Amino acid sequence: MSAPEAQTERPAPPARKGGAAALGWVLTIGLNVVAPIITYNQLRDHGWSEFAALLLSSAWPVLDSAVNLAWRRKLDEFAVVTLVFLVITAVVSLIGAHSARALLIKDSGVTGLFGLLCLATLLAPRPLMFYFGRKFATDGTPASTAWWNGLWQYEGFRRTMIVMTTVWGVAYLVEAGVRIALAFVVDTDTMVVVSPVMLYTVLGCLGAWTAMYGKRSQAEGERRAAEAAAGAGAGTGAA
């Protein structure tokens, strides 16, 4: 056990603005799931091609990123990753065949790249889930950001971030493979609905697992810290 972790339990987070966090989740779901499906179906009903309707409906996630940037008024690591993948998606969509099925396959490939990115950051000073965790576990204020950054000193916290990043990376590699396979056996109109629903179902499951695993890891860290403090107190008394 590292010395900093043995000294005290992890500090409690500062008060968080719940209303702002809830609004952020509403915008994310609305602009990334609901709006693309409605846009695609409306354009198809008005005679647009599958490819054109699918390409235009993908503009909603771009708007979501723009809203977040304007709201927070800063570009953090999470926003950088999001923008990079938007650029990759746009570039990939222009390469090769321009059929709707090809675009769906390429979109699935992008989530596979995200899985690879997660695993690649295990070699970096801090894994990707550290930055994603800071995005969703804090409200972006300097106090909450400093609190999250300070948790890196605890060995248990570092181990938790590594495990989370590994699980997310593997899960999205599997998810991408399944969506690519489905794109060859399911018609495009069905896949336009199935693809984002599947993507965010996996995200929801990973989010639920992450929350449970994070709480369990935090409780375990606090238990070990309490035991270490009790042991140190007993040793002082005996001396």
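All of these numbers come straight from a predicted model, not from anything done at the bench.

(A) Just the overall build of the chain, in detail. Across its full length, the chain carries 10 helices and 0 strands. Burial statistics for the chain: of 239 residues in total, 34% are counted as buried. Contacts in the chain between residues at least 24 apart in sequence constitute 74% of all its contacts with a sequence separation of at least 6. Accessible area for the chain stands at about 12,700 Å²; split by element, carbon and sulfur atoms hold 70% of it.

(B) Just the environment of Asp64, in detail. As for its placement among the helices and strands, Asp64 is situated in helix α4 (residues 59-72). Assessed through its relative accessible area of 8%, Asp64 is described here as buried. It is 9.0 Å that separates the C-alpha atoms of Asp64 and Gly30, two residues lying 34 residues apart in sequence.

(C) Representation of the packing of helix α6 (residues 100-120) against helix α9 (residues 155-185) within the structure. For the pair α6 and α9, the least separation of the axes is 7 Å and the interaxial angle reads 165°. Classified by the interaxial angle, the pair formed by α6 and α9 is roughly antiparallel. Our pair here, α6 against α9, has a crossing hand that is left-handed. Here the residues of the contact of α6 with α9 are counted per class, giving 13 nonpolar, 8 polar and 4 charged.

(D) Seen up close, the side chain of Ser195. By the secondary structure assignment, Ser195 is in helix α10 (residues 188-238). In this structure, Ser195 is in contact with Leu104, Asp107 and Arg179, ignoring residues within four places of it in sequence.

(E) Just the packing of aromatic side chains, in detail. Overall, the coordinates contain 11 aromatic pairs when judged by the stated rule. Geometrically, the ring pair formed by Phe130 and Trp148 is tilted, given 6.2 Å between the ring centres and 40° between the ring planes. Here Phe130, found in helix α7 (residues 128-137), pairs with Trp148, found in helix α8 (residues 142-150); they are 18 residues apart in sequence, far enough to count as distant. One exposure class covers both Phe130 and Trp148, and it is buried. By the ring-pair criterion, three or more aromatic residues cluster together here, those being Phe130, Tyr131, Trp147, Trp148, Trp152 and Phe157.

(F) Up close: the side chain of Thr160. Relative to the elements of secondary structure, Thr160 occurs in helix α9. Setting aside chain neighbours within four positions, we find Thr160 in contact with Tyr213 and Ser217.

Rules used throughout
Residues numbered from 1 in each chain as written. Predicted model: local features only at pLDDT ≥ 70, side-chain atom pairs only at ≥ 80, totals over all residues. Heavy atoms only, no water. Helix = DSSP H or I, 4+ residues; strand = E, 2+ residues; numbered from the N terminus. Buried < 20%, exposed > 50% of the residue type's maximum accessible area, 1.4 Å probe, protein only. Contact = heavy atoms within 4.5 Å. Areas by Shrake-Rupley, 256 points an atom, 1.4 Å probe, with all protein chains shown as cover. Axes fitted to C-alpha atoms, helices over the stretch in contact; angles between N-to-C directions. Parallel < 35°, antiparallel > 145°, perpendicular 65-115°, else oblique. Left-handed = near helix turned anticlockwise from the far one by under 90°. Nonpolar A, V, L, I, M, F, W, Y, C, P; charged D, E, K, R; others polar. Phe/Tyr/Trp six-rings, centres within 6.5 Å; stacked < 30°, edge-to-face > 60°.

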